[in-house]
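Coordinates in review
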Amino acid sequence: IGHRFTDRRLLDRALLHASAVHSTQEQSYQRMEFLGDRVLGLAIASALYARFPAADEGDLARRLNALVRRETCAERALELGSDKASTLGQAEAHSGGRKKTAILADACEAVLAAIYLDGGFDAAEQAVLRIWGPLIESDQKPERDPKTALQEHVQARGGPPPGYTLLERRGPDHKPHFVMEVASPGGVLGRGEGGSKREAEQNAARAALEALGEPRSEAEGT
C-alpha cells in the first residue's frame with residue numbers, strides 16, 4: 001500500500017474481523033471501516049474533479065459510485081492481499097469469509113482509515129491514488145447501476161420508484177441464494193437471483209430494463 005506505519009497496531013485493527021474479537025478490550029475494524037469509507041470518497045471525488053474538468057455533476061457522480069462501490073473495493077483488497085492478511089474467526093474463515101465481497105470491501109476501507117489515522121489525509125490520499133490510479137485515469141464511460149437506470153426509466157414516464165420484494169431465500173447461511181422481484185403499480189417488472197439481496201435486486205432491475213426495451217448500452221454504460 002506504500003505506507004510505513006508509525007503505529008502498526010492501527011493496521012492490525014484494520015484487519016481484525018468481528019468474528020475474531022474475543023474480549024471487550026479488542027476492537028474490530030467496523031469503526032475504522034466507517035471512517036475509511038469517507039476518506040475514500042473524498043480522495044476519489046477530488047481526483048475525479050481534477051481528472052475530468054469538463055464532466056458534469058451526473059457524470060462525476062456515476063464515476064464516483066463505480067469506484068467506491070463494494071465490488072470495486074473488494075477487488076482492490078484482493079490485489080493488496082488483505083484476504084490473506086485479515087484475522088477472522090475460525091467459523092467465518094471456514095465458511096469462505098476471506099473471499100466474501102462485504103468482508104473484503106470493509107477491510108479495504110478500514111486499511112485506508114488506518115493510514116489516515118497514522119499519517120493524515122495526505123498519506124491516505126496518496127494510497128488511494130496508488131491503488132485506484134488506473135481506474136481513476138480510465139476515460140471509459142462509467143457503468144450505470146441497473147437499479148438507478150430502472151428508477152430513472154420509470155420516473156421519466158411519470159411513475160413512482162419501483163419496489164423490491166424478497167420472494168425466496170434458500171441455501172445455508174454461509175452461501176445463501178436470494179430471489180427478488182421488482183414491481184411498480186402497473187405490475188411485476190422483473191425478477192432476479194443472486195448470492196446477496198443486492199445482487200438479486202440488480203439482476204431483477206436488469207431483467208426489467210430488458211423487458212421494457214431499454215437498450216443494454218444505455219442501461220449499463222457498455
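Our subject is the structure listed above.
A brief look at the structure comes next. (Residues numbered from 1 in each chain as written. Predicted model: local features only at pLDDT ≥ 70, side-chain atom pairs only at ≥ 80, totals over all residues. Heavy atoms only, no water.)

**A word on the packing of aromatic side chains**
- In this structure the tally under the stated criterion is zero aromatic pairs.
- Positioned over the ring face of Phe52 is Arg63, at 4.0 Å from the centre of the ring.
- Residue placement shows Lys147 over the ring face of Tyr164; its charged tip is 4.8 Å from the ring centre. (Phe/Tyr/Trp six-rings, centres within 6.5 Å; stacked < 30°, edge-to-face > 60°. Lys NZ or Arg CZ within 6 Å of the ring centre and 35° of its normal.)

**What to know about the sheet that holds strand β2 (residues 177-184)**
- Spatially, three strands are ordered β1-β2-β3 in an open sheet, and the strand pairing comes out antiparallel. For this open sheet the edge positions go to β1 (163-170) and β3 (187-194), each flanked by a neighbour on one side alone. Taking the axes of each pair of neighbouring strands and ignoring which way they run, one obtains an average angle of 20 degrees across the sheet.
- Note that β2 and β3 share seven bridges and pair antiparallel. (Pairing = 2+ DSSP bridges. Helix = DSSP H or I, 4+ residues; strand = E, 2+ residues; numbered from the N terminus. Axes fitted to C-alpha atoms, helices over the stretch in contact; angles between N-to-C directions.)

**Quick notes on the packing of helix α4 (residues 70-80) against helix α7 (residues 101-119)**
- Taken N-terminus to C-terminus, the directions of α4 and α7 make an angle of 75 degrees; their axes are 7 Å apart at the nearest point. The angle between α4 and α7 falls in the class roughly perpendicular. The segment α4 lies against α7, with Arg70, Glu71, Cys73, Ala74, Arg76, Ala77 and Leu78 engaging Thr101, Ala102, Leu104, Ala105, Cys108 and Glu109.
- Class assignment of the residues belonging to the contact of α4 with α7 gives a composition of eight nonpolar, one polar and four charged. (Parallel < 35°, antiparallel > 145°, perpendicular 65-115°, else oblique. Contact = heavy atoms within 4.5 Å. Nonpolar A, V, L, I, M, F, W, Y, C, P; charged D, E, K, R; others polar.)

**Concerning the packing of helix α2 (residues 30-51) against helix α8 (residues 121-137)**
- Running from N to C, α2 and α8 point in directions that differ by 55 degrees, and their axes come no closer than 9 Å. Relative to α8, the element α2 lies oblique. Taken as a pair, α2 and α8 cross one another with a handedness that is right-handed. In this structure, α2 uses Val39, Leu40, Leu42, Ala43, Ile44, Ser46, Ala47, Leu48 and Arg51 to contact α8, whose residues at the interface are Phe121, Ala124, Glu125, Val128, Leu129, Trp132, Ile136 and Glu137.
- For the contact of α2 with α8, the class distribution of residues is 13 nonpolar, one polar and three charged. (Left-handed = near helix turned anticlockwise from the far one by under 90°.)

**Focus on α8**
- Its 17 residues place the ends of α8 only 21 Å apart at the C-alpha level, less than the 24 Å of an ideal helix rising 1.5 Å per residue.
- At Ile131, α8 shows its largest kink, close to 60 degrees, and the proline Pro134 lies no more than four residues downstream.
- Here α8 has its buried residues at Ala123, Ala124, Glu125, Ala127, Val128, Ile131, Trp132, Gly133 and Ile136.
- At its buried positions, α8 is contacted by α2, α3 (57-68), α4 and α7. (Expected span 1.5 Å × (residues − 1). Bend = angle between axes of the 7 residues up to and from the residue. Buried < 20%, exposed > 50% of the residue type's maximum accessible area, 1.4 Å probe, protein only.)

**Overview of the environment of Phe121**
- Secondary-structure assignment places Phe121 in helix α8.
- Look past the residues within four positions of Phe121 in its chain and what remains in contact with it is Val39, Leu42, Ala43 and Tyr116.

**Comments concerning the nonpolar core**
- Counting 39 residues, the largest nonpolar core has Leu40, Ile44, Leu48, Ile115, Val128, Trp132 and Ile136 as its most contacted members.
- Put simply, the parts of the chain that give this core at least two residues each are α1 (8-14), α2, α3, α4, α7 and α8.
- Ignoring any residue separated from it by four or fewer positions in sequence, one finds Ile136 in contact with Ile44, Ala47, Leu48, Arg51, Phe52, Leu67 and Leu129.
- Val182, Leu189, Ala208 and Leu209 belong to the second largest nonpolar core, which has nine residues in total. (Core = buried A, V, L, I, M, F, W, Y, C linked by side-chain atoms within 4.5 Å.)

**Digging into the environment of Ala20**
- Summarising the element assignment, Ala20 is placed in the loop between α1 and α2.
- Along the backbone, Ala20 and Gln90 are 70 residues apart, and their C-alpha atoms lie at a distance of 7.7 Å.
- In this structure Ala20 touches Glu26, Thr87, Leu88 and Gly89, once residues within four positions along its chain are discounted.

**Regarding the side chain of Asp118**
- The residue Asp118 is located in helix α7 in this model.
- Here Asp118 is buried and forms no salt bridge, its nearest opposite-charge partner Arg9 lying at an N-O distance of 8.7 Å.
- One polar contact links Asp118 to His3, side chain to side chain, over a distance of 2.8 Å.
- Apart from the residues within four sequence positions on either side, Asp118 is in contact with His3, Arg4, Phe5, Thr6, Asp7 and Leu10. (Lys, Arg positive; Asp, Glu negative; His and termini not counted. Salt bridge = Lys/Arg side-chain N within 4 Å of Asp/Glu carboxyl O. Polar contact = N/O pair within 3.5 Å; in protein donor to acceptor, adjacent residues only side chain to side chain.)

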